[in-house]
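So you can see what is in the structure, the chains are spelled out below.
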Amino acid sequence: MPSSALWAVDLFGRVYTLSTAGQCWELCRDTQLEFKRVSAATRGCWGIACDNQVHVYVCASDVPIRCQEEAYENQRWNPVGGFCEKLLPSDRWPWSDVSGLQHRPLDGVALPSPHWEWESDWYVDENFGGEPTEKGGWTYAMDFPATYTRDKKWNSYVRRRRWIRYRRYKSRDTWAKIPSKDDPKQLPDPFNDLSVGGWEITEEPVGHLSVWAVSLQGKVWYREDVSHPNPEGSSWSHVDTPGEVVQISCGPHDLLWVTLWEGQALVREGINRNNPKGSSWCLVEPPTSENGIMHVSVGVGVVWAVTKDRKVWFRRGVNSHNPCGTSWIEMVGEMTMVDVGLNDQVWGIGYEDRTVYFRHGVTPSELSGKMWKAIVASRVCDRSHSGSSSSLLSAGCFFGDEVRVSGDSCVPSDTDASSEAERPGPEQPVPAESPESPGHSKGSSASGPGTAKAAEHGTPGPEPYPGQASPPAELPWTSIDLKESKKAPSHSAEPPGLSSLELLPLGLEEPYCTDDHPLWVWVSGGGCAVEAHTVLKWFTAQAGLSSSMQTLSLSITPAQTAAWRKQIFQQLTERTKRELENFRHYEQAVEQSVWVKTGALQWWCDWKPHKWVDVRVALEQFTGHDGARDSILFIYYVVHEEKKYLHVFLNEVTTLVPVLNEDKHSFALYTPERTRQRWPVRLATATEQDMNDWLALLNLSCCESRRVLGRPSPQAVWSITCKGDIFVSEPSPDLEAPEHPLPCDQMFWRQMGGHLRVVEASSRGVVWGIGYDGTAWVYTGGYGGGCFQGLASSTGNLYPQSDVKCVYIYENQRWNPVTGYTSRGLPTDRYMWSDATGLQECTKAGTKPPSLQWSWVSDWSVDFSVPGGTDQEGWQYASDFPSSYHGYKTMRDFVRRRCWARKCKLVTSGPWLEVPPIALRDVSIVPESPGAAERGPGIALWAVSDKGDVLCRLGVSELNPAGASWLHVGTDQPFASVSIGGCCQVWAVARDGSAFYRGSVSPAKPAGDCWYHIPPPAKQRLKQVSVGQTSVYAVDENGNLWYRQGVTPSYPQGSSWEHVSNNVRRVSVGPLDQVWVIANKVQGSHSLSQGTVCHRTGVQPLEPKGQGWDYGIGGGWDHISVRANATRAPRSTAQETAGGQGLPRGPSSAAGTLQEAVGPVCC
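Residues numbered from 1 in each chain as written. Predicted model: local features only at pLDDT ≥ 70, side-chain atom pairs only at ≥ 80, totals over all residues. Heavy atoms only, no water.

Describing helix 9 (residues 688-706)
Piece 1. Taking 1.5 Å per residue, 19 residues should reach 27 Å; helix 9 reaches 27 Å between its end C-alpha atoms and fits that length.
Piece 2. Once helix 9 ends, the next one or two residues include R707, with phi positive near 55°. (Helix = DSSP H or I, 4+ residues; strand = E, 2+ residues; numbered from the N terminus. Expected span 1.5 Å × (residues − 1).)

Structure (structure tokens):
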């Protein structure tokens, strides 16, 4: 989980944040501003200052917020002077917007607020539909408005060109005041409350934000056009209410509640994608007639409220279909306010002690939670103080905050409260009742002794809640410094809810920088993501690091730790060699051992009719004299009451693959022969655990038979299946041999833990991956994880990993002259609920997650982001099935379809660490050949974000594979793919299908200077590019593979595209210019496989396109990366002899010698 933060405001109006990975409150910038309340979102926060002005805080990111401003220059042809700016009276403006209705001169386009700055000056866009225009960027048409073309024709009487300019939002990591001078008449009074939400409104595009506010006069206002590209919004619009409103709360989805002066609540109905402001109000009565609702907070499917008597209430039965809920349930505790954040987690502020509380135990199955836990995190000041404990810690002096007692003993700290409560002694009596409450002193434990016992032993008892006073503890005799005793009278006059025990930190003369019980007035968890497995450090105060072990651990650097580990490993290795040397002359006690594992499985039989057959499976493993192990897998089955079996030698198995199946836990075994047949051995188990056990055991046996264990080598070939499973293969030196290369169907693939969609490797051991949800991951050096435990997995460098993907189905309808569009189609039509092809029936109720490892995390919703656009209800129209769909209805459209999406989630583990916070679409690492002269300290890495931004990662090295930060590279349009080749050649593909080359990229200038537009092949749209040492390959949307001709050091953009092959899904070009692809369909002797690993043969410096294809593992592969494989084949003796004697060589021999002698040409 990426680190997120909880926002809060203290009694003095200062705003603090508490990270989910931290333990201290951090003060926000702009400390001169004082705030009343804040409302947080995932990427920032909105707040109302003490002067009632609205401010927005946008968190900094490596990707800037850029907005494109455009203006069109329009001209008409004149018989005298040609094209000029003199237009007809009925024409559009000479300078206008894209519609031509608004006058838009270049000097009239201004920045929307002082928080923006211009990134560049105006310039002409010379790209039109993915193809470059003529000099000047003009496009021509017969009249305004019409269809424009980039070619001038005889009837082209008008022309236009687009001018673009980018502005950048500069006020990040600071509070920016929302300008209100543009509409002073609409805001007669200041604001009193605001709430931010709506970023996950059903069917709403990502980036939208709903900002609601309440004025002092009780009016409700809505901020228009707030999104990630426009964090300030445009203007305020008034929303009518049936009464005066005092407070408002907006959830992440479509829930909106407000409270009235009279104590009732209003619920906004009709909020959806097309109407984010809703349509009507519904009245909800308070829980009791005596005390009305004072505060309300909503989440995804929950509503919490605080009444005027400070009681906390939970609303039952709230969801998108019933936003009003059914009834109120009283919760334990007294709060001044509550706030519902992400995942429906709840925070609150205690009524008596003003402490921030977290509702523990909130899960999807138990939305009300179990108990309140006090957050006892300390505060960190933004400036140093000589007398504060924080400054002493930073200076290396570790002073404890315990109150010492006689005999060098101390009062138990927060972390020891639970353990001490279970073993009371005669010198420390245990109170009769000690529940967890806000009435505890500063530094009190998050869970009181009574609570700890009740939770541990399961004994019934009252629920711990805030506001319940605890009896004073009986203190032993303490020795307190005389200097601090002057402050004692102020502590004795505290409210009765506070305990008598006080921990006296240093520097009490600095009240703002101590942890002496901060008083909070507001909390917001809208940007705080807390999940069920998240471990928080908020509930235990720091013990002051008084232990010598803690002091020592803080002084050890990671470099020292790594050096010590290496030294210890070397010493252990030398000792093992010495001990084994004394016993080498002894004979082996056991010459051969056999062990067998059996089980009942199902087997997909080889003959027709193909079906699952119950079989018995036995794995026999032999250990030879030399310690080598070999294994045989026997499959016993019955045919016509005759017992038969088939066997598979595991040293011949090339891979074991989990099969994507909705109903069964199945996997497949491949051998070279079965790879050529496209017919693996498929087995299925009864449970997921059985499949994981068999997979781990068989993988371990295969690796032992081939003696391939441990982490992959830096030159390994990585691949990913359509299921998301990760595989690696150790390349043989003969794999890229110019003569008689190793057939790629004999490559051994072993599975690594984790789940990815894209993987990219380099020969220096740096490996990056991208999940289906766009999360970036970096390889940690381990192996295994997930289903591979024990001996099949490393003991370290394994971390939890999760992935989220969408499942899509289509609702199809045909037009009827009587009833209009209906779900009744023609007999020849597709299913009315189907997949994208229409060949398989897929209904909402019958569609399951991709496999049993996935689980649903959302409901079905309309997908509005499909290519071609949609109308307001998500429909796409066409003349017939299948056809080209568009988002508007015409007279010839007789069919329509609508895409529905649902999210599912997978949780696993593997040797991968998350690289937050930017979601990626593509990533590329520079391939380095072993023949390169020198390797720099850094490794070039480029990526494309999910929004199409091009990024360059800085600080990537072998010691720091995750890098340090992102450097944004400006583009005129969103990109889809990027690849960096030898000598920092950077190529990219835009979403419109055109290619681009980045000029002047070097280690000293990692981002280069400008983009050069490369036209795509005729009538084709590129989707992916891969650059090797000197070769550039690309794949278009129709599955064609293209090679870029004419790439030279003097002209790196090349001259033209040359077609190589079709039936290609993805291409990867390595540091030796070797070409590997994923083919769509490959026919075997028994079956057809989709998604097959193929190797281009005959690739030589004089013939970089190669000659043919060698087919490897197949059936469900989706991605491959050979960019780390720089292993060259050794030169044969015949070649060396021929070279020495001057004998004539054949064409292949000459090509191989040339490659060895000259090597890749560096551009």
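That was the structure; now back to the text.
What to know about the pattern of salt bridges
Piece 1. Overall, the coordinates contain 28 salt bridges when judged by the stated rule.
Piece 2. Linking K905 and E531 is a salt bridge whose minimum nitrogen-to-oxygen distance equals 3.8 Å. Note that K905 is positioned in strand 55 (residues 895-910) and E531 in the loop between strand 35 (520-524) and helix 6 (548-555), a separation of 374 residues in sequence.
Piece 3. For K905, a relative accessible area of 21% translates into the label partly exposed.
Piece 4. A salt bridge links K1105 to E1058, with the shortest nitrogen-to-oxygen separation between them at 2.0 Å. Residue K1105 is found in the loop between strand 71 (1088-1097) and strand 72 (1108-1114), and its partner E1058 is found in strand 68 (residues 1056-1061); the two are separated by 47 residues along the sequence. (Salt bridge = Lys/Arg side-chain N within 4 Å of Asp/Glu carboxyl O. Buried < 20%, exposed > 50% of the residue type's maximum accessible area, 1.4 Å probe, protein only.)

A few points about the side chain of R315
Piece 1. Secondary-structure assignment places R315 in strand 27 (residues 311-316).
Piece 2. No salt bridge is formed by the buried R315. Its closest oppositely charged neighbour is E285, at 9.7 Å.
Piece 3. Excluding residues within four positions of it along the chain, R315 makes contact with W257, V284, V303, C324, G325, T326, S327 and W328. (Lys, Arg positive; Asp, Glu negative; His and termini not counted. Contact = heavy atoms within 4.5 Å.)

Here's the deal with the confidence of the model for the protein chain
Piece 1. For the protein chain, mean pLDDT is 80; residues scoring 70 or higher make up 79% of the total.
Piece 2. For the stretch residues 467-515, pLDDT sits under 50, and the model shows 74 contacts to residues farther than four places along the chain or on other chains.
Piece 3. Within the model, the stretch residues 544-555 combines pLDDT values under 50 with 14 contacts to residues more than four positions away or in other chains. (pLDDT = per-residue confidence, 0-100.)

A short note on the UniProt feature "domain: Peroxin/Ferlin" (unreviewed entry) in the protein chain
Piece 1. Per the UniProt record, "domain: Peroxin/Ferlin" (unreviewed entry) is annotated on residues 64-125, 137-170, 802-863 and 874-907.
Piece 2. Spanning residues 137-170, this segment combines 0% helix with 44% strand, and its end C-alpha atoms are found 30 Å apart. (UniProt positions renumbered as here; feature names shortened; annotations may be inferred.)

Regarding the nonpolar core
Piece 1. Of all hydrophobic cores here, the largest spans 35 residues; its most connected members are W768, L920, W942, W966, F975 and W1011.
Piece 2. Only strand 47 (767-770), strand 48 (776-779), strand 57 (920-925), strand 58 (941-945), strand 59 (950-954), strand 60 (965-969), strand 61 (975-980) and strand 62 (986-990) provide two or more residues apiece to this core.
Piece 3. Considering every element that reaches this core, the biggest residue donor is strand 58, with 4 residues.
Piece 4. If we ignore the near neighbours within four places in the chain, the residues touching F975 are R921, V944, G948, V950, A988, V989, A990, R991, F996 and W1011.
Piece 5. Within the second largest apolar cluster, 33 residues are counted, among which are L6, W520, W538 and F539. (Core = buried A, V, L, I, M, F, W, Y, C linked by side-chain atoms within 4.5 Å.)

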